[in-house]
Amino acid sequence: MMSFSYYGELCTEVYDVTKPVGHSFGNEITYYKERLADCKGRILEAMVGSGRVMIPLLEAGLRIEGADYSQDMLDLCRKRCEERELEPTLYEADLLNLSLPNEYGAIIIPAGSFQLIENREDAMEVLKNLYKHLLPGGKLMLDLFLPEPKFEDVGTFSGTSAFSLPNGDTITLEEKLIEADLFNQRKVSHLKYEKWREGKLIQTELQHFSIRWYGVEEFKLILQSIGFTEIIISADFQHGTPPSNHKQTYTFEAVK
């Protein structure tokens with residue numbers, strides 16, 4: 001089984017509150033709409049989650065499908081689509097063993113979700129699988145970022161957050177940084193979600209949350225090694241603007 005940071009029921013509820021459908025990090029959704037507007041063939045959002053990005057693209061008329069490892073996230077995505085009278089094509093899929101019936105003109109992974117693949121070898125295998133699922137001339141688009149782990153905080157709690165749900169329940173979230181490994185380019189946190197109703201604890205969920213990061217030139221070389229060409233790296237959703245500092249979001253576009 002691939003070491004994804006699993007998105008369970010309580011995590012999904014918090015995600016729905018804090019990152020609703022259409023919520024955009026910077027100019028993200030507009031950027032993807034513009035870059036995919038002339039795509040020939042179907043589009044796949046791998047790691048689609050709740051449909052935060054996919055649903056606005058569907059509403060814009062793009063032929064986009066979704067795949068995700070988390071059944072809870074896919075259930076939420078279907079619910080949000082039904083509310084908008086959309087009929088999505090969704091797959092519960094492990095990207096490490098990806099075998100979908102279609103090939104795609106574009107595959108996208110927004111918001112750094114690719115970095116949730118904890119094991120580097122697994123991440124390379126996923127990229128190879130995505131390459132196989134692209135049509136000749138098809139395009140892979142994904143975002144990366146560089147986290148800033150505070151190594152002195154390893155083993156400490158970073159505080160508790162509280163989220164109010166529409167039905168009046170509250171979910172509290174406590175995060176503890178377990179590992180910050182500069183050499184292996186990853187950080188690992190343990191998250192504890194607790195759902196409260198009228199002052200009583202009714203549900204608890206623990207999540208192993210890992211982020212792996214890649215250098216900009218390193219990731220370009222990785223894509224080239226798999227066979228991708230015409231690689232463009234854009235900073236902060238300004239197409240063609242090269243990265244200039246570590247606080248930016250980097251969007252890679254690469255052609256099969």
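The text that follows walks through the structure, step by step, so that each part is easy to find. (Residues numbered from 1 in each chain as written. Predicted model: local features only at pLDDT ≥ 70, side-chain atom pairs only at ≥ 80, totals over all residues. Heavy atoms only, no water.)

### Remarks on the side chain of Thr172
Reasoning step 1: Considering the arrangement of structural elements, one finds Thr172 in strand 7 (residues 170-181).
Reasoning step 2: Judged by relative accessible area, which is 17%, Thr172 ranks as buried.
Reasoning step 3: Side-chain polar atoms of Thr172 contact the side chain of Trp196, separated by 3.3 Å.
Reasoning step 4: When residues no more than four places from it in sequence are discounted, the contact partners of Thr172 are Thr160, Ser161, Ala162, Lys192, Tyr193, Glu194 and Trp196. (Helix = DSSP H or I, 4+ residues; strand = E, 2+ residues; numbered from the N terminus. Buried < 20%, exposed > 50% of the residue type's maximum accessible area, 1.4 Å probe, protein only. Polar contact = N/O pair within 3.5 Å; in protein donor to acceptor, adjacent residues only side chain to side chain. Contact = heavy atoms within 4.5 Å.)

### As for the nonpolar core
Reasoning step 1: Core analysis: the largest hydrophobic core is formed by 49 residues, its most contacted members being Phe114, Leu127, Leu140, Phe219, Leu223 and Phe252.
Reasoning step 2: When near neighbours in sequence (up to four residues on either side) are disregarded, Leu140 contacts Ile107, Leu127, Leu130, Leu134, Leu223, Phe228, Phe252, Glu253 and Ala254. (Core = buried A, V, L, I, M, F, W, Y, C linked by side-chain atoms within 4.5 Å.)

### Digging into the packing of aromatic side chains
Reasoning step 1: Inspection of every chain in the model, using the stated rule, returns seven aromatic pairs.
Reasoning step 2: Geometrically, the ring pair formed by Phe114 and Phe219 is edge-to-face, given 5.7 Å between the ring centres and 70 degrees between the ring planes. Taken together, the positions of Phe114 in the loop between strand 4 (104-109) and helix 5 (120-132) and Phe219 in helix 6 (residues 216-226) put the pair 105 residues apart, joining distant regions of the chain.
Reasoning step 3: Overall, the relative accessible area of 0% leaves Phe219 in the buried class.
Reasoning step 4: Here the aromatic cluster, defined as three or more aromatic residues joined through ring pairs, consists of Phe114, Tyr214, Phe219 and Phe252.
Reasoning step 5: It is Lys256 that lies over the ring of Tyr131; its NZ or CZ is 5.0 Å from the centre. (Phe/Tyr/Trp six-rings, centres within 6.5 Å; stacked < 30°, edge-to-face > 60°. Lys NZ or Arg CZ within 6 Å of the ring centre and 35° of its normal.)

### What to know about the pattern of salt bridges
Reasoning step 1: Taken as a whole and assessed by the stated rule, the structure comprises 16 salt bridges.
Reasoning step 2: For the salt bridge of Arg84 with Glu59, the shortest nitrogen-to-oxygen distance reads 3.8 Å. Taken together, the positions of Arg84 in the loop between helix 4 (71-83) and strand 3 (90-92) and Glu59 in helix 3 (residues 54-59) put the pair 25 residues apart, joining distant regions of the chain.
Reasoning step 3: Where Glu118 meets Arg186, a salt bridge forms, and the shortest distance between an N and an O atom there is 2.5 Å. With Glu118 in the loop between strand 4 and helix 5 and Arg186 in strand 8 (residues 186-197), this pair connects stretches of sequence that are 68 residues apart.
Reasoning step 4: One connected set of salt bridges, linked through shared partners, spans Asp16, Glu59, Arg80, Glu83 and Arg84. (Salt bridge = Lys/Arg side-chain N within 4 Å of Asp/Glu carboxyl O.)

### Notes on the layout of surface pockets
Reasoning step 1: Considering only enclosed or pocket space, the largest pocket measures out at about 1100 Å³ in volume.
Reasoning step 2: In terms of lining residues, the largest pocket is bounded by 49 residues, among which Tyr7, Tyr15, Lys19, Leu116 and Phe209 are the most central.
Reasoning step 3: Listed by contribution, the elements that provide at least two residues to the lining of the largest pocket are helix 1 (9-18), strand 1 (43-46), strand 2 (64-68), strand 5 (134-144), strand 7, strand 8 and strand 9 (200-212).
Reasoning step 4: Considered class by class, the residues forming the lining of the largest pocket number 29 nonpolar, twelve polar and eight charged.
Reasoning step 5: What lines the second largest pocket is a set of 13 residues, among which Glu13, Asp16, Leu76, Lys79 and Arg80 lie closest to the centre. (1 Å grid on protein atoms, 1.4 Å probe; cavity = no way out; pocket = protein on both sides within 12 Å on 5 of 7 lines; lining within 4 Å. Points joined across faces, edges and corners; volume = space filled by probe spheres on them. Nonpolar A, V, L, I, M, F, W, Y, C, P; charged D, E, K, R; others polar.)

### Things to note about the sheet that holds strand 7
Reasoning step 1: Reading across from one edge, 6-7-8-9 is the order of the four strands in this open sheet, with antiparallel pairing throughout. Strands at the two margins of the open sheet, each flanked by one partner only, are strand 6 (157-164) and strand 9. In this sheet, adjacent strand axes meet at a mean angle of 20 degrees when their direction is disregarded.
Reasoning step 2: Here twelve bridges tie strand 8 to strand 9, and the two strands are oriented antiparallel to one another. Within strand 9, the residue paired with Leu191 across the bridge is Gln207.
Reasoning step 3: Against the sheet, helix 1 touches strand 6, strand 7, strand 8 and strand 9, its axis set at about 80 degrees to strand 9. (Pairing = 2+ DSSP bridges. Axes fitted to C-alpha atoms, helices over the stretch in contact; angles between N-to-C directions.)

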